[in-house]
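Listed below are the residues making up each chain.
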Number of protein chains: 2
Amino acid sequence: MSSSEACILCTKLMYGIIIIILLLTLSFTGVNSVTVSDEVVKLPGQPPVTFKQFAGYITVDQNKQRSLFYYFVEAASNSSSKPVVLWLNGGPGCSSVGEGAFVEHGPFKPSGRVLLENDYSWNKEANMLYLESPAGVGFSYSVDQSFYTSANDVITASDNLAFLEKWFEKYPEYKNRDFYITGESYAGHYVPQLANLIVHSKAKINLKGIAIGNPLLDFDTDFNSRGEYLWCHGLISDATYDMFNTMCNYSTIRRQAQSRSMTPTCSRVANQASKEIGRFVNAYDITLDVCLSNVFSQSLVLDQIQDEEAKIDVCMEDEMIVYFNRKDVQTALHARLVGINKWTPCSEVLSYDMDNLEVPMTPVLMSLLKSGVRVLVYSGDQDSVLPLTGTRVVVNGLAKQLGLNTTLPYRAWFNGNQVGGWTQVYGDVLSFATIRGASHEAPFSQPERSIALFRGFLAGEPLPAAANEIAQKPKAEIPRL
Amino acid sequence: MSSSEACILCTKLMYGIIIIILLLTLSFTGVNSVTVSDEVVKLPGQPPVTFKQFAGYITVDQNKQRSLFYYFVEAASNSSSKPVVLWLNGGPGCSSVGEGAFVEHGPFKPSGRVLLENDYSWNKEANMLYLESPAGVGFSYSVDQSFYTSANDVITASDNLAFLEKWFEKYPEYKNRDFYITGESYAGHYVPQLANLIVHSKAKINLKGIAIGNPLLDFDTDFNSRGEYLWCHGLISDATYDMFNTMCNYSTIRRQAQSRSMTPTCSRVANQASKEIGRFVNAYDITLDVCLSNVFSQSLVLDQIQDEEAKIDVCMEDEMIVYFNRKDVQTALHARLVGINKWTPCSEVLSYDMDNLEVPMTPVLMSLLKSGVRVLVYSGDQDSVLPLTGTRVVVNGLAKQLGLNTTLPYRAWFNGNQVGGWTQVYGDVLSFATIRGASHEAPFSQPERSIALFRGFLAGEPLPAAANEIAQKPKAEIPRL
């Protein structure tokens, strides 16, 4: 090679390096340019799949540099004819990507160094969009950190709408697709408010319905149902239940705890209940084992054989946290840590305006129903935090206020040949359903029953009844003792 | 061989045959001679074990030819230092050998043609005596069939005492051993009444304590707790719960159903509840799958893969029925069908005096406690037939009437590192405990937690608390939503 040839090669190499550096810079600054693909080629430890995944940021406020992180999973088959479903977790402050996608109903579940396939992934039924919202949650961020102390329901709904409009611009093939919003727990606030904003902003989004699980809808009704629930499931004594009824109810305890103004009486009742329940019960699933995720449990792994028959990995949340803190995972997801050192499933920087919890959601739901948006409210029936008993009363009240008649009387619904839970439908637009044996995060503990419920919801059909052939089975009138 | 040699051989053979015939005749007439051993050499399909088993009959009324069938399992180790524990099922009319021993806590569980070992067999803790009582139940019989229409609590207790006295004569090595009586459901009547008879008859039986699970103790309290239980577990609607509270409560429904005198109002409430609950929920364990034990389920076995992860064989009762109707099993157990063609888990010949259900057991329990007999009342917390909520109220009331102070406040108890249920102790002699995630037949659905409870009961110690090392784990004050 001559020196001039060498020089040309050298120049080419330099150009190459400059281009690579530019590309790397672009990808690492995470600018939401639609020219940069958000496709996730492969997640570390992931088994091969036929559907595509995307993840990245959408800036919802250019000035304040507020960017929301999403993870989008195409439907596993016939994605072009399936709806788009947004999923939101609650908290306020918890991650939809971490909890919703990687613990509840995404295509994969972390297990050690690898991802296992989830047989009951909701992307078998829809194109699933998981959004970490508001900024400050998970990988979503605001460079202007003052945002974190001003976050509330109004801002969240408005940011989420801004996100959606930009997201549909970025993925135009999904723009006219049927669209649903789903979520659980405090998303009982996020989901109806976002849906209502879509309806009233006349955004070009083809919103068909919403589904909310174990939602916070009415502060007093929801929280006061807790005492009764704990009592009749055996977690507190008759004496303590009496204290809830006569001295200080649970909504008052919650209100005082949030505002750090506990009266001695309420403090006594709360402490008494906590003492009886103990510290080793998962309040979100009173029958499920708890994860002993510390040095003690590590020694257990060494000392004894694990229960091979356990269906539910109660330590999945811990696995998920480890997974999302791996650098290779963050890189694969095009995710960055901005202003934080560690990814956490529930935000440690956000100070959400807790007065928002008191805002009743029934008027918002009424407005949605009047606009023709279908509403499903469901309850994992093992949850003591937002129990089915309160939720059912709220839905009853909603139907009554709207003058909706019962179009499907309270009855068991079926998944296969076993009871999946109970359901009631009002005016063909408002549904209540329980998921039997399910936790606050229902799809985590009852994945098969949850996807059956999800399928029914998308189809806009009542949940399955018993098949005729099995419905014939006789049943004794008086149970033997 | 000469002809005389052949003749001697022939004579010997004949004698031998005659002796064999005599022995066979004796064993098949099933006379309760103590000279005929009741040892069960081997049950068909049984794995090898180190402990001995016995089964057979004790005649409790020679005139009326009333004989009770028992199955006795020696403790698996150190049987000579372990107590004797009698177990009784309820019904009235259900088999302790079938249900208690072969579905709940005996050493074996039937599975197809074989018996599987039960890791949580109560004979690991005690010498277990299972008694089918009264006559007319299981293999127990009365040749005088008029007995079957006159059976009641008084006769049952007296026959059971007669049985015990003769049994201890037959097995003298167990005579001075610590003795406990246990049982469930309607045995909430049998157990205290038998215990009370032992105490007041001055029988030479070393009775230390009784344990009763999901017992019927107080007709109104127990049955009325059912409506509330069904409601707060999501099986009935708010509207139907309201009907229970305002139109016709469950104890009235039960009373009217038993006497075949249903009023139209109560009938309407009962039908409404039945309709909502549906026919495919196990009332004895509201979260457990049901067994689809018919042609339909047989086709299922052919058509689809069974759930490999299912921990509990919900069809075990069916397997047990098949097992007990095998001739080789009946022969091995020295059991006979007298006056019936088929062994059934709950009697089809007995007409128990159902007015007995109304007799309150609290006075009997009070008398026992005053005599120094320890009492444990426990509840599988998934049972809707005799729910924990009613049972707990009865035990509270009992403690109050006796002036017993709480010596161990309501708290969680532990099996290993997970919560096994909740417990409260009064005056160190009366205990209440729930078994978490357990059915009406608690040892069937939660075998490991049940044997832990049984162990604690025999030891006369409070149920285990959380170990110190795990008790340190912090817990958030306000659950996230």
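Keep in mind that what you see is a predicted model, and the values were worked out from it rather than measured. (Residues numbered from 1 in each chain as written. Chains lettered and ligands numbered in written order. Predicted model: local features only at pLDDT ≥ 70, side-chain atom pairs only at ≥ 80, totals over all residues. Heavy atoms only, no water.)

1. Considering the interface of chain A and chain B
- Each partner contributes to the interface: chain A provides 79 residues, whereas chain B provides 79 residues.
- For the pair chain A and chain B, the summed buried area comes to about 6900 Å², and 53% of that belongs to carbon and sulfur atoms.
- For the interface between chain A and chain B, the tally reads four salt bridges.
- Here B:Arg392 ties to A:Asp238 by a salt bridge, and the two come within 2.7 Å at their closest N and O atoms.
- Where chain A packs against chain B, one counts 29 residue pairs in polar contact (both at pLDDT 80 or more).
- Only α5 (219–232), α7 (250–258), α8 (264–277), α9 (295–303), α13 (388–402), β11 (406–415), β12 (418–426) and α16 (468–471) of chain A provide two or more residues apiece to the side of chain A that touches chain B. (Contact = heavy atoms within 4.5 Å. Buried area = accessible area lost by both parts, 1.4 Å probe. Salt bridge = Lys/Arg side-chain N within 4 Å of Asp/Glu carboxyl O. Polar contact = N/O pair within 3.5 Å; in protein donor to acceptor, adjacent residues only side chain to side chain. Helix = DSSP H or I, 4+ residues; strand = E, 2+ residues; numbered from the N terminus.)

2. Side note on helix α4 (residues 187–201) of chain B
Residue and element names in this part refer to chain B.
- When the terminal C-alpha atoms of α4 are compared, their 20 Å separation across 15 residues agrees well with the 21 Å that a helix rising 1.5 Å per residue should span.
- In terms of residue burial, α4 counts as a mostly covered element, since 11 of its 15 residues are buried.
- Looking only at α4, the buried set comprises Ala187, Gly188, His189, Tyr190, Val191, Pro192, Gln193, Leu194, Ala195, Asn196 and Ile198.
- The elements touched by buried residues of α4 are β3 (84–88), α3 (153–170), β8 (179–184), β9 (207–213) and α12 (362–370). (Expected span 1.5 Å × (residues − 1). Buried < 20%, exposed > 50% of the residue type's maximum accessible area, 1.4 Å probe, protein only.)

3. As for the relation of the copies chain A and chain B
- Mapping chain A onto chain B is achieved by rotating through 180° and translating by 0.0 Å along the same axis, at an RMSD of 0.0 Å. Taken together, the rotation and translation describe the operation of a two-fold axis. (Least-squares fit on C-alpha atoms with pLDDT ≥ 70 in both.)

4. Observations concerning the packing of α3(B) against α4(B)
Residue and element names in this part refer to chain B.
- Two elements in contact, α3 and α4, have axes whose closest approach is 9 Å; the angle formed by their N-to-C orientations is 60°. Of the possible angle classes, the one that applies to α3 and α4 is oblique. The handedness of the crossing between α3 and α4 is right-handed. When α3 is examined against α4, the residues Asp153, Thr156, Ala157, Ser158, Asn160, Leu161 and Leu164 are found in contact with a partner set consisting of His189, Tyr190, Gln193, Leu194, Leu197, Ile198 and Ser201.
- When grouped by side-chain class, the residues that make up the contact of α3 with α4 number seven nonpolar, six polar and one charged. (Axes fitted to C-alpha atoms, helices over the stretch in contact; angles between N-to-C directions. Parallel < 35°, antiparallel > 145°, perpendicular 65-115°, else oblique. Left-handed = near helix turned anticlockwise from the far one by under 90°. Nonpolar A, V, L, I, M, F, W, Y, C, P; charged D, E, K, R; others polar.)

5. Regarding the environment of B:Val281
- On the secondary structure map, B:Val281 appears in the loop between α8 (264–277) and α9 (295–303).
- Take B:Val281: its relative accessible area is 6%, and that puts it in the buried class.
- In this structure the C-alpha to C-alpha distance between B:Val281 and B:Cys291, which are 10 residues apart in sequence, comes to 9.8 Å.
- The contacts of B:Val281, once residues within four sequence positions are left out, are A:Val419, A:Trp422, A:Arg436, B:Leu235, B:Ile286 and B:Val290.

6. What to know about the pairing of strand β5 (residues 114–117) of chain B
Residues and elements named next belong to chain B.
- Note that strand β4 (residues 108–111) and β5 share four bridges and pair antiparallel. Looking across to β5, one finds that phenylalanine 108 is bridged to glutamate 117.
- In this structure, the hairpin formed by β4 and β5 is closed by a connection of two residues, where glycine 112 is found at a positive phi of approximately 65°. (Pairing = 2+ DSSP bridges.)

7. What about the state of the cysteines?
- Going through the model one piece at a time under the given rule, you end up with five disulfides over all chains.
- The residue that forms a disulfide with A:Cys232 is B:Cys232, at a sulfur-sulfur distance of 1.8 Å. Of the two residues, A:Cys232 is situated in helix α5 and B:Cys232 in helix α5 (residues 219–232); the pairing between them involves two chains.
- Since its relative accessible area comes to 1%, A:Cys232 is described here as buried.
- Disulfide pairing places A:Cys248 opposite A:Cys266 at an S-S distance of 2.0 Å. (Disulfide = S-S within 2.5 Å.)

8. Re the side chain of B:Ser133
Residues and elements named next belong to chain B.
- Summarising the element assignment, serine 133 is placed in the loop between β6 (127–132) and β7 (141–142).
- Looking at serine 133, the relative accessible area reads 1%, which means it is buried.
- At a separation of 2.7 Å, a polar atom in the side chain of serine 133 contacts the side chain of asparagine 160.

9. Brief notes about the environment of A:Ser237
Residues and elements named next belong to chain A.
- By the secondary structure assignment, serine 237 is in the loop between α5 and α6 (238–246).
- Residue class for serine 237 comes out buried when judged on its relative accessible area of 4%.
- With 40 residues separating them in the primary sequence, serine 237 and isoleucine 277 have C-alpha atoms 9.3 Å apart.
- A distance of 3.1 Å separates polar atoms of two side chains, one belonging to serine 237 and the other to threonine 240.

10. Thoughts on the confidence of the model for chain A
Residue and element names in this part refer to chain A.
- With 86% of its residues at a pLDDT of at least 70, chain A reaches an overall mean of 88.
- Counted against residues more than four places away or in other chains, residues 19–35, with its pLDDT under 50, gives 10 contacts.
- Of the regions scoring below 50 in pLDDT, residues 294–310 engages in 13 contacts with residues more than four places distant in sequence or in other chains. (pLDDT = per-residue confidence, 0-100.)

11. Re the side chain of A:Thr423
- The topology assignment puts A:Thr423 in strand β12.
- Once residues lying within four places of it in the same chain are set aside, the contact partners of A:Thr423 are A:Leu408, A:Pro409, A:Tyr410, A:Arg411, A:Trp413, A:Phe432, A:Ala433 and A:Leu463.

12. Quick word on the pattern of salt bridges
- Considering all chains together, one arrives at 20 salt bridges over all chains under this definition.
- Across the salt bridge formed by A:Asp61 and A:Arg66, the nearest N and O atoms sit 3.4 Å from each other. Accessibility assignment for this pair places A:Asp61 and A:Arg66 in one class, buried.
- Here B:Glu125 ties to B:Arg455 by a salt bridge, and the two come within 2.9 Å at their closest N and O atoms. Note that B:Glu125 is positioned in the loop between β5 and β6 and B:Arg455 in helix α15 (residues 447–459), a separation of 330 residues in sequence.
- Classification of B:Glu125 by relative accessible area gives buried; the value is 18%.
- Salt bridges sharing common partners tie together A:Asp61, A:Arg66 and A:Asp159.

13. Here we look at unusual backbone geometry
Residues and elements named next belong to chain A.
- The amide bond that connects glycine 91 to the next residue, proline 92, takes the cis arrangement and shows omega of -15°.
- Along the polypeptide, proline 92 turns up in the loop between β3 (84–88) and α2 (96–105).
- Note that the residue after serine 133, namely proline 134, is joined by a cis bond; omega there is -5°.
- Tracing the chain through its elements places proline 134 in the loop between β6 (127–131) and β7 (141–142).
- At asparagine 214, a residue that is not glycine, the phi angle is positive and equals roughly 40°.

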